[in-house]
Amino acid sequence: MSALFTRTDAELGEFSLRPVDPPADAALLHRWVTHPKAVFWLMQDCDLPAVEKEFTRIAADPFHDAYLGLHNGTPAFLAERYDPAHRELVGIHAAQPGDVGMHFLSAPTDTPVHGFTLAVITTVMEMLFDDPATCRIVVEPDARNTAVHALNKAVGFEVQRTVSLPSKDAYLSTCTRDQFLAARGEN
C-alpha cells in the first residue's frame, strides 16, 4: 500500500502513514498493542484473531480509520482518526464541525531514539491538519498517562476537563490548527 501522507523530520528522517491492512498487519499490530508499554491502548489481553477483527472493524467503519506509520520505510507507529460526533466521545463531547479524534501509539522498542515520539505525534497532527476540513483535533488520553500528556502539551493540546469513559478516566483535550502552529513556532 502506498503512503497517504509523508513528512520529513530534519533530524530523524522520513515518516509516512498508510492505511492499516488488517490481514497483512495484524501480527505486527498484535505484538505492539499487547506489549506492556502499550497498556493504555487497552488491548493487552487480545489474541491475534481479536486484533485482526478489531482492525477489520475499523477498516469497515465510515467514522474511524487506522494507519500504519513508517519511519524511513520501517513500521514504527500506529495512528487512528475518528469522528468524535459518531465514535468514542458521543454524549461526552459536543463535537463541532471540523473536529477530528485521534489516537497514536509508538511501537515498543529496546533502542529508544530521542525525540522519536514527538516526531510521531507531529507527523500524525500534520496529516490530520493536511485536510482543510480539520479545524480541531480531539483526544481523550487516560488520566494516568503522564508521558502522552507532556507530548500533547508540546504540540498544542489544552486539557478541557476530565471525563469518565467506559474503560478509563480521561483528559478530554483539544488542539486547533492555530494552537498546533503556535506550539511549533509557526504563526
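Here is a short report on the structure shown in this document. Computed from a predicted structure; not experimentally measured.

1. Details of the overall build of the chain
Reasoning step 1: Along the chain, the regular secondary structure elements total 5 helices and 8 strands.
Reasoning step 2: Taken over the C-alpha trace, the chain has a radius of gyration of 16 Å; the compact-globule value for 187 residues is 16 Å, and the two agree within 12%.
Reasoning step 3: C-alpha extents for the chain along the principal axes are approximately 40 × 40 × 30 Å.
Reasoning step 4: Within the span of the chain, comprising 187 residues, buried residues form 47% of the whole.

2. Topic: unusual backbone geometry
Reasoning step 1: In this structure, leucine 42 takes a positive phi of about 65° despite not being glycine.
Reasoning step 2: Along the chain, the position of leucine 42 falls in the loop between helix H1 (22-33) and helix H2 (48-60).
Reasoning step 3: The phi angle at asparagine 72 is positive, at roughly 50°, despite the residue not being glycine.
Reasoning step 4: Judged by relative accessible area, which is 47%, asparagine 72 ranks as partly exposed.

3. Structural notes on the environment of arginine 161
Reasoning step 1: Turning to its location among the elements, arginine 161 is positioned in strand E7 (residues 158-165).
Reasoning step 2: Note: C-alpha distance between arginine 161 and glutamate 140 (21 residues apart in sequence) is 9.8 Å.
Reasoning step 3: Sequence-distant contacts of arginine 161, that is, excluding residues within four places in its chain, are made with Ile92, His93, Ala170, Tyr171 and Leu172.
Reasoning step 4: At 2.3 Å, the side chain of arginine 161 forms a polar contact with the backbone oxygen of isoleucine 92.

4. Description of the sheet that holds strand E2 (residues 13-19)
Reasoning step 1: Spatially, E1-E2-E3-E4-E5-E6-E8-E7 is the arrangement adopted by the 8 strands of the open sheet, whose pairing is mixed. Looking at strand neighbours, the two that pair on one side only are strand E1 (5-9) and E7, the edges of this open sheet. Geometrically, the sheet is characterised by an average inter-axis angle of 25° between neighbouring strands, direction not taken into account.
Reasoning step 2: One ladder, built from 5 bridges, connects E2 with strand E3 (residues 64-71); its direction is antiparallel. Its bridge partner lying in E3, phenylalanine 15 is registered against histidine 71.
Reasoning step 3: Against the sheet, helix H3 (residues 116-129) contacts E1, E2, E3, strand E4 (74-82), strand E5 (99-106), strand E6 (136-139) and strand E8 (168-176), and its axis sits at roughly 155° relative to E5.

5. Quick word on the environment of glycine 91
Reasoning step 1: Residue placement: glycine 91 occurs in the loop between E4 and E5.
Reasoning step 2: On the accessibility criterion, glycine 91 (80% relative accessible area) is exposed.
Reasoning step 3: Taking C-alpha positions, glycine 91 is 23 Å from alanine 60, a pair spaced 31 residues apart along the chain.

6. Some thoughts on the pattern of salt bridges
Reasoning step 1: Enumeration over the complete set of coordinates arrives at 11 salt bridges.
Reasoning step 2: Note that aspartate 25 is salt-bridged to arginine 18, the shortest N-O span being 2.9 Å. Comparing aspartate 25 with arginine 18, the two get one shared label, buried.
Reasoning step 3: Aspartate 61 is paired through a salt bridge with arginine 57; the nearest N and O atoms lie 3.6 Å apart.
Reasoning step 4: A relative accessible area of 38% places arginine 57 in the partly exposed class.
Reasoning step 5: A single network of salt bridges, built from pairs that share partners, joins Arg7, Asp9, Glu126 and Arg184.

Quick notes on the rules
- Residues numbered from 1 in each chain as written.
- Predicted model: local features only at pLDDT ≥ 70, side-chain atom pairs only at ≥ 80, totals over all residues.
- Heavy atoms only, no water.
- Helix = DSSP H or I, 4+ residues; strand = E, 2+ residues; numbered from the N terminus.
- Rg over C-alpha atoms; globule rule 2.2 N^0.38 Å.
- Buried < 20%, exposed > 50% of the residue type's maximum accessible area, 1.4 Å probe, protein only.
- Contact = heavy atoms within 4.5 Å.
- Polar contact = N/O pair within 3.5 Å; in protein donor to acceptor, adjacent residues only side chain to side chain.
- Pairing = 2+ DSSP bridges.
- Axes fitted to C-alpha atoms, helices over the stretch in contact; angles between N-to-C directions.
- Salt bridge = Lys/Arg side-chain N within 4 Å of Asp/Glu carboxyl O.

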